[in-house]
Amino acid sequence: MKQGTGTALVTGASRGLGLETCRQLGRLGWRVWLTAPDPDEGQRASEVLRSEGLDVHFEPLDVASQESLSTLAGRLEQQGVRLSALVNNAGVALEGFDAHVAEHTVAVNFLGPLRVTERLLPLMEEHGRIVMVGSNLAELKDYPPSFQRRFDPPPPKEQLRALLGAFVEDVRAGVYEDKGWPRSAYRVSKLGLNALTRLLAEELKPRHLIVNAVCPGWVRTQMGGQHAARSVERGADILVWAATLPPGGPTGGCFCNRKPIPW
């Protein structure tokens, strides 16, 4: 497989970073599966990209729904799709802070990439790339050492899943501050995603799969707002870079502006 060609699947891709990532991969000659939870939005987005002459196809996917994921995987398997890159872009940053916000944020930002990656692994080609969209708000250096030790070194996957579940339950019980959690479900979900990235990178080395987290920066999207400093085109660049790394490229890292940054 030549660098810059292949088949990619991008989650949360009906707008913003996901849509632009599909566009840039398509312009490089890739075949792209654009996925999104809203069928109408996803279909419209894929039609826009196809009108630009790009090889883009839509499939519905709600990353927080096991049923939706199973349906998608089954359809791809029936079509004999093999993935060169999986871009776990879908994410939420909800207003407010309560148990509902914590639970939904963890479900989309952490459990979503975990489940999507595990379910689609059988479709990944050797030397394929898996991209997690992280955030510099989850850099461990911003937290006290006692908190850092929860995520570094990363605990086994089931313990990591339980750790994020404990955060949700601590918020529900109103004791999250006593347990040392920050008042941000978004930050906690991205801390978990960073830890998951390192676990998967090590686990998948025998298959020569490359797994990295990337930080696109503060981007002018619906989530980032119109006052963000970075264009969507520039923000998507790091996602596309990580999705098109050559065999033997870096794995298990966190990157911004195509350069490694601390966990």
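Position labels on residues start from 1 in each chain and follow its written sequence. Local features in this predicted model are restricted to residues of pLDDT 70 or higher, and side-chain atom pairs are both shown and tallied only at a pLDDT of 80 or more, whereas totals for entire chains, interfaces and linings draw on every residue. In computing side-chain values, all of the structure's heavy atoms are included and hydrogens and water are not.

*Asks:* So what exactly am I meant to see when it comes to the overall build of the protein chain here?
*Replies:* Helix and strand content of the protein chain: eight helices and eight strands. Relative to the 2.2 N^0.38 estimate, which gives 18 Å for 263 residues, the radius of gyration of the protein chain is 17 Å and therefore close to what a compact globule would have. When its C-alpha atoms are laid out on the principal axes, the protein chain stretches across 55 × 40 × 35 Å. Looking at the protein chain as a whole, 54% of its 263 residues qualify as buried. What makes two residues a contact is simply this: any of their non-hydrogen atoms within 4.5 Å. Across the protein chain, contacts joining residues at least 24 apart in sequence account for 72% of those joining residues at least 6 apart. Each accessible area is a Shrake-Rupley estimate made with a 1.4 Å probe; only the visible protein chains count as cover when residues are assessed. As presented, the protein chain carries roughly 11600 Å² of accessible surface, and 49% of it is formed by carbon and sulfur atoms. In DSSP terms, a helix is any run of H or I states spanning at least four residues, a strand is any run of E spanning at least two, and both are numbered starting from the N terminus. We compute the radius of gyration over the C-alpha atoms and compare it with the globule rule, which gives 2.2 Å times the number of residues raised to the power 0.38. We call a residue buried when its accessible area falls under 20% of the maximum for its residue type, exposed when it is over 50%, and partly exposed in between, using a 1.4 Å probe and counting protein chains only.

*Asks:* What is the right way to look at the sheet that holds strand β3 (residues 56-60) in this model?
*Replies:* Think of a sheet as strands paired side by side through backbone hydrogen bonds, with each pair either parallel or antiparallel. A pair of strands is treated as paired once DSSP finds two or more bridges between them. Strand order in this open sheet of eight strands is β3-β2-β1-β4-β5-β6-β7-β8, and the pairing throughout is mixed. Two strands lie at the open edges of the sheet, namely β3 and β8 (259-260), each paired on one side alone. Those strands touched by helix α4 (residues 99-120) are β1 (7-10), β4 (83-88) and β5 (124-133), and its axis lies near 170° from that of β4. All axes are obtained by fitting lines to C-alpha atoms, using only the stretch in contact for helices, and the reported angles, taken between N-to-C directions, cover 0 to 180 degrees.

Shape is all these values report; function is a separate question.
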